[in-house]
Amino acid sequence: MRRLICLLIAATASGSYAMAQTTDASRWQTTVQVGVQAGQVRPDVNVSNGGWYYPYYPVRPAGNRYSLSIYGTTNYAVRPWLRTGVSAGVDWYSQTQLFPVAGSLEGRLPKKNQRVSPFVNLESGYAFRGINPHGKDLSGGWLVSSGAGLRINTGNHTGFVISAGYKHQRASQRTPVDGTYTLSQVEYRHYNRIYFRMGFSF
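Residues numbered from 1 in each chain as written. Predicted model: local features only at pLDDT ≥ 70, side-chain atom pairs only at ≥ 80, totals over all residues. Heavy atoms only, no water.

Secondary structure summary: the protein chain contains one helix and nine strands in total. Across the protein chain, helices and strands are ordered from the amino to the carboxyl terminus as α-β-β-β-β-β-β-β-β-β. Taking as baseline every contact in the protein chain between residues at least 6 positions apart, the subset at least 24 positions apart corresponds to 62%. Counting every atom, the protein chain has about 12200 Å² of accessible surface; 65% of that belongs to carbon and sulfur. (Helix = DSSP H or I, 4+ residues; strand = E, 2+ residues; numbered from the N terminus. Contact = heavy atoms within 4.5 Å. Areas by Shrake-Rupley, 256 points an atom, 1.4 Å probe, with all protein chains shown as cover.)

Next up, the structure:
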């Protein structure tokens with residue numbers, strides 16, 4: 001009888017531990033999306049260097065731009081309706097490539113077993129310089145984005161995700177005027193983009 005009681009206690013403890021592991025694992029969610037960004041480019045105003053002023057020549061022509069974006073995020077469910085985590089990806093802006101890394105907040109409806117889950121998200125971070133024809137003359141900058149979307153649950157904590165939103169990304173390019181950087185032209189770029197993405201979460 002004593003052995004039976006010990007076995008029941010051990011089985012209960014093991015089941016509780018396995019359930020805790022499963023519950024904790026289900027709090028994590030990774031989403032990978034591919035999308036398109038669209039926005040208008042406007043040449044920026046000139047910036048002085050060391051008190052010297054010189055004619056400003058825009059590096060980029062004005063016009064509409066469309067670019068590709070690959071985006072991934074890993075979030076942890078702090079509450080059934082709130083997730084927080086980190087995101088990273090690759091953004092292409094014409095010939096400029098940036099690698100954004102940001103903190104992420106996501107809010108969603110706390111209903112369980114829901115087939116379609118709407119959500120909103122907010123991100124802020126920094127983008128690092130990637131492959132570009134300007135080398136070290138190009139620098140990344142601060143970014144912020146917000147959006148909303150739908151997650152269509154397919155079971156086993158997986159789902160199909162579609163989202164849209166707005167993203168503001170900053171960068172700068174320094175171009176020497178005299179060839180030695182004693183005088184240089186600095187262009188601060190503000191990329192304002194509307195994005196559309198789709199992908200999977202697991």
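This is not the end of the story, as more comes after the structure.
This structure, assessed with the given rule, holds two salt bridges. Between D91 and K167 there is a salt bridge, with the nearest N and O atoms lying 2.3 Å from each other. Taken together, the residues span a long stretch of sequence, with D91 in strand β3 (residues 82-93) and K167 in strand β8 (residues 158-176) at a distance of 76 residues. For D91, a relative accessible area of 1% translates into the label buried. A relative accessible area of 4% means that K167 is categorised as buried. Residue R108 is joined to E106 by a salt bridge in which the shortest nitrogen-to-oxygen separation is 2.5 Å. (Salt bridge = Lys/Arg side-chain N within 4 Å of Asp/Glu carboxyl O. Buried < 20%, exposed > 50% of the residue type's maximum accessible area, 1.4 Å probe, protein only.)

Here we take up the packing of aromatic side chains. By convention here, two paired aromatic rings are described through the distance between centres and the angle between planes. Scanning all chains against the criterion turns up four aromatic pairs. With a centroid separation of 4.8 Å and 55° between ring planes, the pair formed by W28 and Y76 is classed as tilted. Highlighted residues: W28 in strand β1 (residues 28-41) and Y76 in strand β2 (residues 63-79), separated in sequence by 48 residues. A centroid spacing of 4.1 Å and a plane angle of 25° characterise the contact between Y93 and Y191, whose relative ring orientation is stacked. (Phe/Tyr/Trp six-rings, centres within 6.5 Å; stacked < 30°, edge-to-face > 60°.)

What follows deals with the side chain of S67. Mapped onto the fold, S67 is located in strand β2. A distance of 2.8 Å separates the side chain of S67 from the backbone oxygen of W92, its partner in a polar contact. (Polar contact = N/O pair within 3.5 Å; in protein donor to acceptor, adjacent residues only side chain to side chain.)

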